[in-house]
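Residues per chain are reported as follows:
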Amino acid sequence: MIVEQLKKRIVVLTGAGISAESGLGTFRDSGGLWENYDISKVATINAWHQNPAMVLAFYNARRRQVIAAKPNEGHYALAALEEFYDVTIITQNIDDLHERAGSSKIIHLHGEILKGRGVDTDKFLYPLDGDIELHHKTPNGQRMRPHIVWFGEAVPKMEEAEVMVRGCEILIVIGTSLNVYPAAGLRYACPNWCEKYLVDPGSIEIDDQQFEYFKGPATVQVPLLVDHLISKAKNS
Ligand code: APR
């Protein structure tokens, strides 16, 4: 039993790749979401103003997929890490698979598809278990929109995320092409002495920082990495 305050601090930055084997598509792999949809028509604030019905339909379809999906061994392995480490997950994903796998500290940089909010504020969030329709309103009469950070909008949780990365002792990057800023820049906020691990099946280039590369799919490599870190904690 490791006393809470003695647990080493781990930050895990996850992207669409960790949910790929749960059946939720990635964005930029071949066949990815952005091959089938024009980002500017479904994932920007301008798209919302010009054609809210199309935007709602896009996110309603993705919400149904998330509701039908299940966490995979990668999500569960990260939850198991919490017994031995103080783990914060910073995810670009809008699904709730980390929550359902049992992780307890999660920062969603790009929003959460199972929550809605009024167009006027993100202070009040409303749990969703189905579609948002054009006529749906919040209790104070505002038009309901998905609680998603669209391209062109600010990323409200960036500061909170950066503080966590600055204070981490171990940084793990899983399943992200590191294409989208400011999220992709978070890795540079970690202390240069912190241990760094990368999990990805592709040939992602981040050799400007010394990442130990667990090359392969999340369901295989994340459990291997977690076993490695747990045996280190037990022997420390
Ligand atoms: N296991 C682990 N990683 C995987 C797997 C897998 N089974 N399959 C694919 N990957 C990796 C790919 O190699 C790639 O590096 O996941 C990454 C997916 O990259 P993207 O599709 O660009 O997804 P992501 O980095 O999360 O995109 C960031 O872009 O469109 C926006 O808001 C959206 O949050 C998203 C952001």
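To be clear, the structure that these remarks concern was listed above.
Scoring rules and cut-offs
- Residues numbered from 1 in each chain as written.
- Predicted model: local features only at pLDDT ≥ 70, side-chain atom pairs only at ≥ 80, totals over all residues.
- Heavy atoms only, no water.
- Buried < 20%, exposed > 50% of the residue type's maximum accessible area, 1.4 Å probe, protein only.
- Helix = DSSP H or I, 4+ residues; strand = E, 2+ residues; numbered from the N terminus.
- Arc of directions from axis to C-beta.
- Contact = heavy atoms within 4.5 Å.
- Pairing = 2+ DSSP bridges.
- Near = heavy atom within 4 Å.
- Polar contact = N/O pair within 3.5 Å; in protein donor to acceptor, adjacent residues only side chain to side chain.
- Areas by Shrake-Rupley, 256 points an atom, 1.4 Å probe, with all protein chains shown as cover.
- Domains from an automatic or database assignment.
- Axes fitted to C-alpha atoms, helices over the stretch in contact; angles between N-to-C directions.
- Phe/Tyr/Trp six-rings, centres within 6.5 Å; stacked < 30°, edge-to-face > 60°.

A. Geometry of helix α8 (residues 158-166). Residues of α8 that are buried include every one of Met158, Ala161 and Val165, and no others. The buried side chains of α8 occupy one side of the element, clustering within an arc of 65° when seen end-on. Away from its buried face by more than 90 degrees, α8 exposes Glu159, Val163 and Arg166. Tucked into the core, α8 has its buried residues touching β1 (9-14), β2 (86-91) and β3 (106-108).

B. Up close: the pairing of strand β6 (residues 144-148). Burial analysis of β6 places five of its five residues in the buried class, which makes it a mostly covered element. Where strand β4 (residues 111-118) lies against β6, five bridges are found, and the strand directions are antiparallel. Note that in β6 the partner of Gly111 across the bridge is Ile148.

C. Highlighting the site of the ligand. Near the ligand, the surroundings consist of 21 residues, among which Phe27, Arg28, Thr176, Ser177 and Asp200 are the closest. Phe27 has a polar backbone atom sitting 2.7 Å from an oxygen atom of the ligand. Within the side chain of Trp34, an N or O atom sits 2.8 Å from an oxygen atom of the ligand. Across the complex, the protein chains shield 91% of the 730 Å² of accessible surface that the ligand would expose by itself. Each of two domains, domain 1 (1-24 + 71-110 + 154-236) and domain 2 (27-68 + 116-148), supplies a minimum of three residues to the shell around the ligand.

D. A look at the sheet that holds strand β7 (residues 170-174). Spatial strand order, β3-β2-β1-β7-β8-β9: six strands in an open sheet with parallel pairing. What marks the edges here is a single partner per strand, and that holds for β3 and β9 (212-215). Strand-to-strand twist of the sheet, defined as the mean angle between neighbouring strand axes without regard to direction, takes the value 15°. Alignment of β1 against β7, held across five bridges, turns out to be parallel. The residue bridging Leu13 from the neighbouring strand is Val173, located in β7.

E. Up close: the packing of aromatic side chains. Under the criterion given, the structure shown has eight aromatic pairs. Ring centres of Tyr37 and Phe58 lie 4.7 Å apart, and the angle between their planes is 65°; this geometry places the pair in the edge-to-face category. Linking Tyr37 in the loop between α2 (33-36) and α3 (39-42) with Phe58 in helix α5 (residues 52-68), this pair joins segments that are 21 residues apart in sequence. For Tyr37, a relative accessible area of 37% corresponds to the partly exposed category.

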